[in-house]
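# A look at the structure
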Amino acid sequence: MTTAFFTHADCMDHITPAGHPEQVARLQVINERLSQDQFATLSHQTAPMGTVEQATLTHPADYVAKIQAACPAQGHVTLDGDTHVCKDSYTAAMRGVGGICAAVDMVMDGTAKNAFCATRPPGHHAETQTPMGFCLFGTVAIGAKYAMEMRGLSRVAIVDFDVHHGNGTQDLVWNDPRIMFASSQQMPLWPGTGEASETGAHDNVINLPLKPYTNGVELMTAYSRDIFPRLAAHKPEMLFISAGFDAHENDPLANLNFSTDDFRQITQMLCEFAEFNCRGRVVSTLEGGYDLPSLADSVAAHVKVLMEHAQ
Ligand SMILES: [Zn+2]
């Protein structure tokens, strides 16, 4: 089987103000890298438009309508300090929603072993009724709910290795015992949540705060000790990854010290977990990562491992 790669040109039309780190160029460098010969066997897929029905798996309908209505005919509207929308932002975010649901479909149908979705804006900071941290819709949580509500799975897991806490995902899955959410993040760091004491309404949330300058070896040791045993006990039928690459040592927004090879290794650990526990079903979606060369390198390392596990 193959690894499905979902993206869409509409995700380039989400234009952020000049100097904003969450910029169009992020997707350009990823697309350029994944066009190289070594990725020729990727199954390239066009992310379909998400539907309101999909977005309302986690958000109220009036919130979805509010985001659509907030997009101005020209220029930008600022929704919070660093979250902006332009004319095409709703469409771009909906490509993320549709992309992850289509990725779930391909993996469930057996037309792909696993999938990576490179869409923007990212999603893991969007809370039930609050856009924040560059994010509009909780893409990965929507994918997780879709896998259960529409594809019949009983239990899933989400692992978020973005350097920032996945506060939005946590908010969206807090009350759902079918979803185990594990998030590692630098602390202290924006958004300020993600203490180990935040455990979900059903003990279904695992937070792994990391001190500044934590390296990848320390991260993987902590995952082996604190996350994988509990994920295995949850018996997930599909593993979702909130793949943010801003824990890279070169990233301008934070202070963790992961190398590109650390992203390869953590992906390897996650894929091996999925092989053993959930038939290799992995759906990964892009979150952060703001140093462009390091982002391209790290995504390439991540996708290469997905492809090796799809063979
Ligand atoms: Zn981040």
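Residues numbered from 1 in each chain as written. Predicted model: local features only at pLDDT ≥ 70, side-chain atom pairs only at ≥ 80, totals over all residues. Heavy atoms only, no water.

Here we come to the coordination of the zinc ion. For the zinc ion, the full set of protein donor atoms is Asp162 (OD), Asp162 (OD), His164 (ND1) and Asp246 (OD), at a range of 2.0 to 2.8 Å. Taken together, the 4 donor atoms coordinating the zinc ion and their angles of 52 to 154° define a geometry best described as irregular. Mapped onto the polypeptide sequence, the residues donating to the zinc ion form the spacing pattern D-x1-H-x81-D. Residue His164 is located in the loop between strand S6 (156-160) and helix H6 (167-173), and its partner Asp246 is located in the loop between strand S9 (239-243) and helix H8 (260-277); the two are separated by 82 residues in the primary sequence. (Donors = N, O, S within 2.8 Å, 3.2 Å for Na, K, Ca; no water. Tetrahedral: all angles 85-135°; square planar, octahedral: opposite > 155°, others 65-115°. Helix = DSSP H or I, 4+ residues; strand = E, 2+ residues; numbered from the N terminus.)

To continue, consider the pattern of salt bridges. Applying the stated criterion across every chain yields a total of 14 salt bridges. Note that Asp297 and Arg33 form a salt bridge whose closest N and O atoms lie 2.8 Å from each other. Pair noted here: Asp297 is in helix H9 (residues 292-310) and Arg33 is in helix H1 (residues 24-34), with a separation of 264 residues, a long-range link. Exposure remark for Asp297: the relative accessible area of 30% places this residue in the partly exposed category. Of the residues examined, Arg33 reaches a relative accessible area of 22% and is grouped as partly exposed. (Salt bridge = Lys/Arg side-chain N within 4 Å of Asp/Glu carboxyl O. Buried < 20%, exposed > 50% of the residue type's maximum accessible area, 1.4 Å probe, protein only.)

Moving on to empty space enclosed by the protein. Under the definition given, this model contains 1 cavity of 30 Å³ or more. By volume, the largest cavity amounts to about 30 Å³. Lining the largest cavity are Lys113, Asn114, Cys271, Ala274, Glu275, Gly280, Val282 and His309. Ranked by residues supplied to the lining of the largest cavity, first place goes to H8 with 3 residues. The class makeup of the residues in the lining of the largest cavity is 3 nonpolar, 3 polar and 2 charged. (1 Å grid on protein atoms, 1.4 Å probe; cavity = no way out; pocket = protein on both sides within 12 Å on 5 of 7 lines; lining within 4 Å. Points joined across faces, edges and corners; volume = space filled by probe spheres on them. Nonpolar A, V, L, I, M, F, W, Y, C, P; charged D, E, K, R; others polar.)

Quick look at the packing of helix H7 (residues 216-234) against H8 now. Closest axis-to-axis distance for the H7/H8 pair is 11 Å, and the angle between their directions is 15°. The angle between the axes of H7 and H8 places the two elements in the roughly parallel class. By crossing handedness, the relation of H7 to H8 is classed as right-handed. Contact with H7, carried on its side by Gly216, Val217, Leu219, Met220, Tyr223, Ser224, Phe228, Leu231 and Ala232, involves Asp262, Gln265, Ile266, Met269, Leu270, Phe273 and Asn277 of H8 and no other residues of that element. Here the residues of the contact of H7 with H8 sort into 11 nonpolar, 4 polar and 1 charged. (Axes fitted to C-alpha atoms, helices over the stretch in contact; angles between N-to-C directions. Parallel < 35°, antiparallel > 145°, perpendicular 65-115°, else oblique. Left-handed = near helix turned anticlockwise from the far one by under 90°. Contact = heavy atoms within 4.5 Å.)

Attention shifts here to unusual backbone geometry. Going from Arg120 to Pro121, the amide bond is cis rather than trans, its omega being 5°. Tracing the backbone shows Pro121 in the loop between strand S5 (114-117) and helix H5 (139-149). Going from Met187 to Pro188, the amide bond is cis rather than trans, its omega being 0°. The residue Pro188 is located in the loop between strand S7 (179-186) and strand S8 (205-210) in this model. Here the phi dihedral of Tyr213 falls at roughly 75°; this positive angle occurs in a residue that is not glycine. One can find Tyr213 in the loop between S8 and H7. Positive phi outside glycine occurs at Arg279, with the angle close to 55°. On the secondary structure map, Arg279 appears in the loop between H8 and strand S10 (282-286). Classification of Arg279 as exposed rests on a relative accessible area of 65%.

As a further point, take the nonpolar core. The nonpolar side chains of a soluble globular protein tend to be buried, and buried together. Counting 52 residues, the largest nonpolar core has Phe116, Phe161, Tyr223, Leu239 and Val299 as its most contacted members. Of all the elements, H9 adds the most residues to this core, at 8 residues. The contacts of Val299, once residues within four sequence positions are left out, are Ile30, Leu34, Phe116, Phe245 and Leu286. Ranked by size, the runner-up nonpolar core spans 44 residues in total, among them Ala47, Ala55, Ala102 and Met238. (Core = buried A, V, L, I, M, F, W, Y, C linked by side-chain atoms within 4.5 Å.)

The next subject is the packing of helix H4 (residues 89-109) against H5. Where H4 meets H5, the closest approach of the two axes is 9 Å, and the angle between their N-to-C directions is 35°. Judged by the twist between their axes, the crossing of H4 over H5 is right-handed. Where H4 abuts H5, its residues Gly96, Val97, Ile100, Cys101, Val104 and Asp105 lie against Thr139, Val140, Ile142, Gly143, Tyr146 and Ala147. When grouped by side-chain class, the residues that make up the contact of H4 with H5 number 8 nonpolar, 3 polar and 1 charged.

Attention now goes to the packing of aromatic side chains. Applying the stated criterion to the full structure yields 10 aromatic pairs. On the numbers, 5.8 Å between centres and 85° between planes, the contact of Phe134 with Tyr290 is edge-to-face. Of this pair, Phe134 sits in the loop between S5 and H5 while Tyr290 sits in the loop between S10 and H9, placing them 156 residues apart in sequence. Each member of the pair, Phe134 as well as Tyr290, is classed as buried. Between Tyr223 and Phe228, the aromatic rings sit 6.0 Å apart at their centres with planes inclined by 55°, giving tilted as the arrangement. (Phe/Tyr/Trp six-rings, centres within 6.5 Å; stacked < 30°, edge-to-face > 60°.)

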